[in-house]
Structures are given as C-alpha cells and as structure tokens.
Amino acid sequence: MSTMVATNKKGFGATLWDYLTTVDHKKIAILYLVAGGFFFIIGGLEALAIRWQLVKPMNDFVSAGFYNELITMHGTTMIFLAAMPLIFAFMNAVVPLQIGARDVAFPFLNSLGFWLFLFGGIMLNVGWFTGGAADAGWTAYAPLSTTSLGEGVDYYVLGLQISGAGTLIGGINFLVTIVNMRAPGMTYMRMPLFTWTAFVASALILFAFPALTVGLFLMMFDRLFGAGFFDPAMGGNSVIWQHLFWIFGHPEVYILALPAFGIFSEIISTFSKKRLFGYTAMVFATVLIGFLGFMVWAHHMFTVGMGPAANSIFAVATMAIAVPTGIKIFNWLFTLWGGNIQINTPMLWALGFIPTFTLGGMTGVMVAAASADFQYHDTYFVVAHFHYVIVGGVVFALLAGTHYWWPKMFGTVLDDKLGKVTFWLFFVGFHLTFFIQHFLGLMGMPRRYWVYLEGQGLDLGNLISTIGAFLMGIGTIVLLINIIKTSVKNEKVSGDPWDARTLEWAIPSPPPFYNFKQLPLVRGLDPLWVEKTEGRKGMTPAEPLTDIHMPNNSFLPFVMSLGLFIAGFGFIYQKYDLSWLIVLFIGMGITLGCMLIRSVKDDLGYHIHKEDLKKEAEE
Amino acid sequence: MSEQDVLNPEQMPHDPEKATLEGKNKFMGFWFFLGGETVLFASLFGTYLALKDSTNGGSTSEELFGLELVFIMTMLLLTSSLTSVYAMYHMKNHDFKKMQIWLGITVVLGLGFLGCEIYEFYHYIHGEHFTMRSSAFGSAFYTLVGFHGGHVVFGLLWITALMIRNAKRGLNLYNAPKFYVASLYWHFIDVVWVFIFTVVYLMGVL
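Reading the values: rules and limits
- Residues numbered from 1 in each chain as written.
- Chains lettered and ligands numbered in written order.
- Predicted model: local features only at pLDDT ≥ 70, side-chain atom pairs only at ≥ 80, totals over all residues.
- Heavy atoms only, no water.
- Helix = DSSP H or I, 4+ residues; strand = E, 2+ residues; numbered from the N terminus.
- Rg over C-alpha atoms; globule rule 2.2 N^0.38 Å.
- Contact = heavy atoms within 4.5 Å.
- Areas by Shrake-Rupley, 256 points an atom, 1.4 Å probe, with all protein chains shown as cover.
- Buried < 20%, exposed > 50% of the residue type's maximum accessible area, 1.4 Å probe, protein only.
- Lys, Arg positive; Asp, Glu negative; His and termini not counted.
- Charge placed at Lys NZ, Arg CZ, Asp CG, Glu CD.
- Core = buried A, V, L, I, M, F, W, Y, C linked by side-chain atoms within 4.5 Å.
- Phe/Tyr/Trp six-rings, centres within 6.5 Å; stacked < 30°, edge-to-face > 60°.
- Lys NZ or Arg CZ within 6 Å of the ring centre and 35° of its normal.
- Polar contact = N/O pair within 3.5 Å; in protein donor to acceptor, adjacent residues only side chain to side chain.
- Buried area = accessible area lost by both parts, 1.4 Å probe.
- Salt bridge = Lys/Arg side-chain N within 4 Å of Asp/Glu carboxyl O.
- Axes fitted to C-alpha atoms, helices over the stretch in contact; angles between N-to-C directions.
- Parallel < 35°, antiparallel > 145°, perpendicular 65-115°, else oblique.
- Left-handed = near helix turned anticlockwise from the far one by under 90°.
- Nonpolar A, V, L, I, M, F, W, Y, C, P; charged D, E, K, R; others polar.
- Expected span 1.5 Å × (residues − 1).
- pLDDT = per-residue confidence, 0-100.
- Patch = residues over 30% accessible without salt bridge, like charges linked within 9 Å, V, L, I, M, F, W, Y side chains within 5 Å.

Let us now look at the overall build of chain A. On a plain count of helices and strands, chain A comes out with 20 helices and two strands. Taken against the 2.2 N^0.38 rule, which gives 25 Å for 619 residues, the C-alpha radius of gyration of chain A at 24 Å falls within 12% of a compact globule. By principal-axis analysis of the C-alpha atoms, chain A measures approximately 75 × 65 × 50 Å. Of all intrachain contacts in chain A linking residues separated by at least 6 positions in sequence, the fraction that spans at least 24 positions is 82%. Summed over its atoms, the accessible surface of chain A is roughly 22700 Å², and 71% of this surface lies on carbon and sulfur atoms.

In this section: the overall build of chain B. For chain B, the count of helices and strands is seven helices and zero strands. On the principal axes, the C-alpha backbone points of chain B span a range of 65 × 30 × 25 Å. Of all 206 residues assigned to chain B, the portion counted as buried reaches 54%. At a minimum sequence separation of 6, the contacts of chain B that also span at least 24 residues come to 80%. Here chain B has roughly 9200 Å² of accessible surface; of this, 66% comes from carbon and sulfur atoms. For chain B, the distance from the average site of its 12 positive side-chain charges to the average site of its 16 negative ones is 11 Å.

Counting residues in each nonpolar core, the largest one holds 232 residues, and the members touching the most others are Phe141 and Tyr201 of chain B. Top contributing element to this core by residue count: helix α7 (residues 193-225) of chain A, with 20 residues. With residues up to four places along the chain from it excluded, the contact list for Phe141 of chain B reads Tyr48, Phe65, Glu120, Phe121, Tyr124, Phe130, Gly146, Val200 and Tyr201 of chain B. One finds Ile50, Tyr67, Tyr380 and Tyr452 of chain A within the second-largest nonpolar core, a separate group that totals 13 residues.

Moving on: the packing of aromatic side chains. All names here are of chain A. For the structure on display, the rule yields 96 aromatic pairs over all chains. Centre to centre, the rings of Tyr404 and Trp505 are 5.3 Å apart; their planes meet at 65°, and the pair counts as edge-to-face. Of this pair, Tyr404 sits in helix α14 (residues 380-410) while Trp505 is found in the loop between α16 (459-489) and α17 (527-533), placing the two residues 101 residues apart along the sequence. Given a relative accessible area of 0%, Tyr404 falls into the buried group. Assessed through its relative accessible area of 2%, Trp505 is described here as buried. A cation over a ring is seen here: Lys27 above Tyr19, with NZ or CZ 6.0 Å from the ring centre. Against the face of Tyr188 rests Arg182, its NZ or CZ located 3.9 Å from the ring centre.

Next up on the list: the side chain of Glu17 of chain B. Residue and element names in this part refer to chain B. Positionally, Glu17 belongs in the loop between α1 (3-7) and α2 (21-51). Glu17 gets classed as buried once you look at its relative accessible area, which sits at 1%. Of the polar contacts made by the side chain of Glu17, one reaches the side chain of Lys92; its length is 3.1 Å.

Bringing the interface of chain B and chain A into the picture now. If you look at the interface, chain B gives 41 residues, while chain A gives 43 residues. Counting each side, the surface lost to burial between chain B and chain A is near 3200 Å², with a carbon and sulfur contribution of 69%. On inspection of chain B and its partner chain A, the count reaches two salt bridges. Between Asp602 of chain A and Arg169 of chain B there is a salt bridge; the shortest N-O distance is 2.5 Å. For the pair chain B and chain A, the number of links is ten residue pairs in polar contact (both at pLDDT 80 or more). For the side of chain B that touches chain A, the element with the highest residue contribution is α2 of chain B, accounting for 18 residues.

Attention shifts here to unusual backbone geometry. Trans peptide bonds make up the majority, and among non-glycine residues the majority have a negative phi. Residues and elements named next belong to chain A. In this structure, the amide linkage connecting Ala142 to the following residue, Pro143, adopts the cis form with an omega of 5°. Structurally, Pro143 is set in the loop between α4 (107-126) and α5 (144-147). For the bond from Ser509 to Pro510, the omega torsion is -15°, close enough to zero to count as cis. Although it is not a glycine, Lys273 sits at a positive phi angle of roughly 55°.

This part takes up the pattern of salt bridges. Charged atoms that come close allow side chains of opposite charge to pair. All names here are of chain A. One pass over the structure, following the stated rule, counts 24 salt bridges over all chains. A salt bridge links Asp18 to Lys27, with the nearest nitrogen and oxygen atoms 2.7 Å apart. Glu534 is paired through a salt bridge with Arg523; the nearest N and O atoms lie 2.7 Å apart. Here the residue Glu534 occupies a position in the loop between α17 and β1 (548-550), and Arg523 occupies one in the loop between α16 and α17, the gap between them amounting to eleven residues. Put simply, Arg523, Glu531, Glu534 and Arg536 are held in one network by salt bridges that share partners.

This brings us to the packing of α7 of chain A against helix α9 (residues 279-292) of chain A. Residue and element names in this part refer to chain A. Interaxial distance between α7 and α9 falls to 10 Å at its minimum, and their mutual angle equals 15°. On the basis of the axis angle, α7 is roughly parallel to α9. The crossing of α7 and α9 is right-handed. Along the contact surface, α7 presents Leu193, Trp196, Thr197, Val200 and Leu204, while α9 presents Tyr279, Met282, Val283, Thr286, Val287 and Gly290. Class assignment for the residues of the contact of α7 with α9 results in eight nonpolar, three polar and no charged.

Here we take up helix α4 (residues 67-92) of chain B. Here α4 of chain B contains 26 residues, and its C-alpha end-to-end distance of 37 Å stays within 8% of the 38 Å for a straight helix at 1.5 Å per residue. Remark: His94 of chain B follows α4 of chain B within two positions and exhibits a positive phi of approximately 60°.

In this section: the confidence of the model for chain A. Scored by pLDDT, chain A comes out at a mean of 95, with 98% of its residues at no less than 70. Contacts for the low-pLDDT stretch residues 1-7 of chain A, under 50 throughout, to residues beyond four places or in other chains number eleven contacts.

The subject of this paragraph is the environment of Ser43 of chain B. Mapped onto the elements, Ser43 of chain B comes out in helix α2. The exposure class of Ser43 of chain B is buried, given its relative accessible area of 10%. Excluding its chain neighbours within four sequence positions, the residues that come into contact with Ser43 of chain B are Ala211, Val214 and Leu244 of chain A.

Let us now look at the environment of Gly75 of chain A. All names here are of chain A. The residue Gly75 is located in helix α3 (residues 64-98) in this model. Take Gly75: its relative accessible area is 13%, and that puts it in the buried class. For the pair formed by Gly75 and Trp138, sequence separation is 63 residues and the distance between their alpha carbons is 5.4 Å.

A grouping of Phe71, Ile72, Met75, Leu78, Val191, Val194 and Phe195 of chain B is seen on the molecular surface, where their side chains present a nonpolar patch of about 610 Å² in accessible area. Considering each element in turn, the nonpolar patch owes the most residues, four residues, to α4 of chain B.

This paragraph deals with the packing of α7 of chain A against α2 of chain B. Direction vectors running N to C along α7 of chain A and α2 of chain B enclose 40°, while the axes themselves pass 8 Å from each other. With respect to their mutual orientation, α7 of chain A and α2 of chain B come out oblique. Like other packed secondary-structure pairs, α7 of chain A and α2 of chain B cross with a definite hand, here right-handed. In contact with Leu206, Phe207, Pro210, Ala211, Thr213, Val214 and Leu218 of chain A of α7 of chain A, α2 of chain B contributes Phe32, Gly35, Gly36, Val39, Leu40, Ser43, Leu44 and Thr47 of chain B. Partitioned by chemical class, the residues of the contact of α7 of chain A with α2 of chain B number ten nonpolar, five polar and no charged.

If you want it as structure tokens, here you go:
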C-alpha cells in the first residue's frame, strides 16, 4: 500500500529520491533547514574571513578585490540564502500544523519554491569558481555594479532572480494556506502569533519581491544586453536602482523580523505558562509594522540628495515604526511578568533577544533622524545597527526556533546543556563583535574598507570585534556537535515535550505524513491549552474518520529549477559569444516544457482510506 | 471528493471553478499572484516615467508614436477581454463547446494584437533605428511594452494548451479552475495595456 511506505525503512537511494520529489511540507521544511544551515555556515566563514582581515591595521590576509567579494557574498548569502530559507523552514514545519491543516494549499509549488531557492543560491556562488564572485556590495548599487568586470555581478543578478521567484511562490502559498486551510474554529483572532507573523510576512513578500525582480531585470538588461537604465551616458539614472532595491529591501527587513517576533512570542508564552499578553495588540502591531514597512524605503537614501522634504517625511515614517515595535517589546515583558518561568535554551534566546533587539531599535531611531544620519551613513555605526537587528532579532530567533521546534521536526530534543553553551558563546560573542562597532563608527571608521591605518584609535576595537566573531563561530560549532550528538542518541520524545499551548503539539513528533487523522475542533486561542485546562489530553476531532486526500510526489519542480539554472549560464555567457544562446534556449526549453507537462498532465493526488488509518491505529 | 466526482461530476455546480478546495485555492492564489504582478508593472511604469524624456539626443516619443496602430491594438485587446468573459459565461452554464469557440476567438484577437506589436517594434528598429540600446528611453520603452507583450505570448500559449488538452473530454471540476484563472490572467493583461496606452502612447504624443 502506498500509504504505508512512509513508515518502512528505506535505502539511501530511495530516501534521496523521496526528498527530491517530495511535496510534504514537513520534508520541505527539513530541506530548507539543511540548505539554509549550509549557507549560514558559508556566510559565517565569509564573516570570519572579513573579521580576520580587520584584526590588525594594514593587514594583508586577503586582497582588496577579494575583500569586496567577501563582504558582498557575506551579506547576500546571509539575507537571501540563510535567513530567508531558515524562516521558510519554520513556516513550512509549523504553520500548517498550527492552523490544523494537512498540508499547504499548493504542495507542488512549495517544492518548486525550495528548488528555485536552492538552484538560485548555487548560481550566486558559482562566481567564486569562474574568476570572482559578485563584488559590488549586497546592495549592488549602480554604477558600481553595472561596471564591475567579469561575471560576478551577473551571477548575483541571475541567482537572486531565480531564488527570488522561489520566495515569491512560497509567499503566495502561505497566504492561501492561511486563508483557506484553517481547521474548523480556527478564526483569524485565534491564530498563534507565529502564524500571524508568517501571514503578514508572506503579504510583504508578495508586494516587495516584484520590485526586486524588476530591478534585477533592469540590471541584467544593462549588463548583458546593452540597455542604459542606470547609465548616465545614455540618459539613464542610477538612483532608480536604489529606489527599486530599497522598495524591496526595507520590507525584506520585516519579512525576516516579523516571523522572528512570532517565534519569540510562541516561546515566551509557552515557557511562562501564560497566554501571550495583549494578543490583539500584538496582531495589530504586526499588521501595522507590515504596512509601515512599505513607507520607509528612502531612509536608506538620506544622503542621495532627495531634498529636506522627502528626507523629513521618510524620517518621521521610520520613527513611527518604533511605536508598534515598542508595543511588542512591552507585551513580551508583560507576558513574562508573573509567569511561571522555565529557563531552558529557547527561553534563554528569547530573554537575550529582548534587550539586544531593543538596542538595535534604539540605534534605528538614531539613524532615522535624517540630519544625524549624514554622520552615521556608511560607517560602522550602521553596520552595528543592522547586525543588532538582523542577528539580535532574526538569527537569535532562528536559533531559538531550532531548539524549540527540533522535537516537532525530528522527534528528539536537543541537549539543553550544550544548547546553553551555544547561547552563552554566541550571545557574548555577538555583543563583543558588534557593540564596539557603534563606537568605531562614531570615530569615523567607514564600512566596506579592507584596511585601516595604525594609530587612529581603531586597533583595539577591531581586535575585540574579531575575538567576538570567533566566539560566535565556536558557538555554532557547539550547536553542530549538539545536533550530531542528539541524532546519534536518538531518544524519541512525546508529541508535547514542552507542555505547550498550540496545535502543532497536539500530534506525535514527528507528525504522521497526513498530520491530523481527523481535523481538530479549535475552541479558543492556544487551542491545546484550552483542552488541557478542561482536563482533556488532546484535541476534540471536528469530523468523523474519513478518507484523507493527499498530493502526489513530483520530480518536475527539481527539473524546472534545473532548467532555469542552465539557462542562467546562457544568459551570462552570451555577452561574450552568441553561441551560448543555445544553452539559454535549452534551459528555458526544459523549464517551459516542464510547465507544459504540469499543465496538461492530470495530477489528482490519492486517498488514504479510512480502513488503513484504523489499521495503523491498531498497530 | 473522489477522482470520479472531480473528473466526471454527476451534476456541475454553478461555479465549477470554486467547487473543490483545490479550485478555491487556485482562484485565491492567482488573485494574490496578480497582486504581485501589479507591483511588477508599477515598478516598470515608474522606471518608464522617470526615463521617458531621457532620449540621449535620439528619437523622442513624439517622433515615434502614432495613435492609429495603437488604436487598432487597443480595440483588439479590449475585445478579446470581452470574448473571454463570454467564454467564462458559457463555462458557468456548462456549455463547453461555446466556451471553446469564444476562447478560440480570444486567441485569434490576441494573435492580431501580437502581430501589430511585432510590426510596430520591427518598424521602430529597422525604420527608425530606435532600439533598446539607443537611449535610456529606448531601454525603458522596450522593457515595459515588451514585458506586456511577453505576458500576451504566455497567455496565448496557456489558453491554447488548455483548449487542446481538454478538447475531447470537456469541462470538469479539475480543469474549470484552470480555464478560469487563465481568463483572469487575460483580463489582467488587458488592464495593463489600458495603462500602457495612456502612459506611454497618449502621454507620449500629447
């Protein structure tokens, strides 16, 4: 029986094929986690190389050109190939379970989104092996990017285009999933906060990523097909790139940060044994941040010369975001207040996050003041600010989420002692690295410079910063050891190891591939907790045991993405030799051919029969 | 709902495109997708407006554009949107044959539009030596109008593939959402063209 295959032991080949063709959101979550984790390590190594170059004045560890590639690829990798996919890993692993769904709305597209991201990520990194990766900064400002020699920036453009398409698909998928697939009784105002933040982040993805798509197309046309969008010699205007990039780029910050807030909301509520304080205000603040996130993009461009009127408007709009964010900070504190607090690894990360992120928010208001920003702009003050937000907010959340949802994803609990070691190494390392950078920036150290002179008071600060970076590296190694140790030990846990509140903890860990045998009836916020307080062990089913409809696996998403990957090389190298157009046509042919097959070949899925479900329950 | 009910329903519901959960998902997901497409075209329009006078000493929009051909193109595409409405009207009345006929007319009108656009571009490139590489204005013009043209090509291929694939088996609850979202896509292309007509051509000659 097809339904029982999943429980049997399989060989390596069968497992590999299973993951290449899977449309199960839980397996795709694991794929995102592994791929995102891999790129996180790559990006981290690039960061360590940057810090090692800056450990002493006039260091010659790397060349100036290679340093440019390192900073560019560090930023691009961390944002697009580590943080985004890791967010998607938890969205995939958790959101369908939290709303009581059996899968996402578009399982096929879910798989396509992952493979597009992965092939895009590989494409970005191909540049390392063909004479130099992208070197124009992660923001790729024109005309630096349009005049950069070699193919590095071309790989940046094509790689981001491919992986961006995957992200857009993922965003639409989660929007529809959350609107259409909620279990009976799961109203909008009963959705767990992680689901809410995933919902708003998906809406931001939908409306932000197309601006990047256009920006990348224009840059591709400029670099590869002789267009003149950003070339003043042809009447072009390089500031257009900055606008398009930041119309995408600023919402992107909230695409990352909102789900991070969601993760912490779940953790703080679970381990304080209290419902989230001010749930309604939290939802309202989330939506408001999402909305305001689109109104502030030009605060990245205060020094471009937009004039005092535009600068003032964007400065005020930016400061306004501090209000809903402040609401969130206070609500987390009030959730802790009087709670029965249990301090374990996820909770440590949450407690470390609150002051760290508040510092990032404080400096955010400082750089939002347009006149003062002329001093901060392009210095290490800005570097310190956005690392406090992105690492102190997002990376902390991802590490917390890893420890919190590991049991749900893999059925084992990560070692708490090693987890705490990871936290302290990483937390102390983080503040050592970045706190001092505020002062380096205020002393005038510009970002993106590969060397600095002796005797300018920058030596000690940079040394401390580098030591901190290596502490973070060691913390990450401890986490990897923890993962290996836990996997080898393989001590299975129950479905609800944290005595938690939301629906994902109402089913076994890891969940069966159909998630819920019977869809649960949701009777309030924190539905599992509602049942527990009334003395029940699990959820009340909302439907009798019936046949379950499941989607078919498919290899097409992999091949479609591979086609675009191949076509990318054709797009790039036709600038030297038009015979590469053949590669372009082959690649696009593969992708469009797969789309045609998908369109004309019926894919109705299959059913798990209720007799089999009963039999399984008896075993 | 079993496969039999989806492929050969005993009774077609009034809204066959939204009768199944898959159909509902597709319907809503496609609307969201069109929301993203709106941002895509808005970005292209913004770029065009910023660069439309940056002709770099080359051809200007007043010299290039004439409203006669664009008028014909507009009529063709607006009419094709109407005929796709007729097709969906017949889908809702479960008249597969008439739906196919009206979709066929939609495709023919779309091809007419595409022919005119290819003629127009050919004329600019070879007659006026106005290309994507001439000026920032040229880059912006071909990118905006070309993206729209690319959407027309994709829409035509999509609708044609659906018509051929389902010609023999008729309408069911599995393919009705597919036809429906393809027609939504076609309407979207039409709406974008209305803006191109106004912003690019009318504002270009007036």
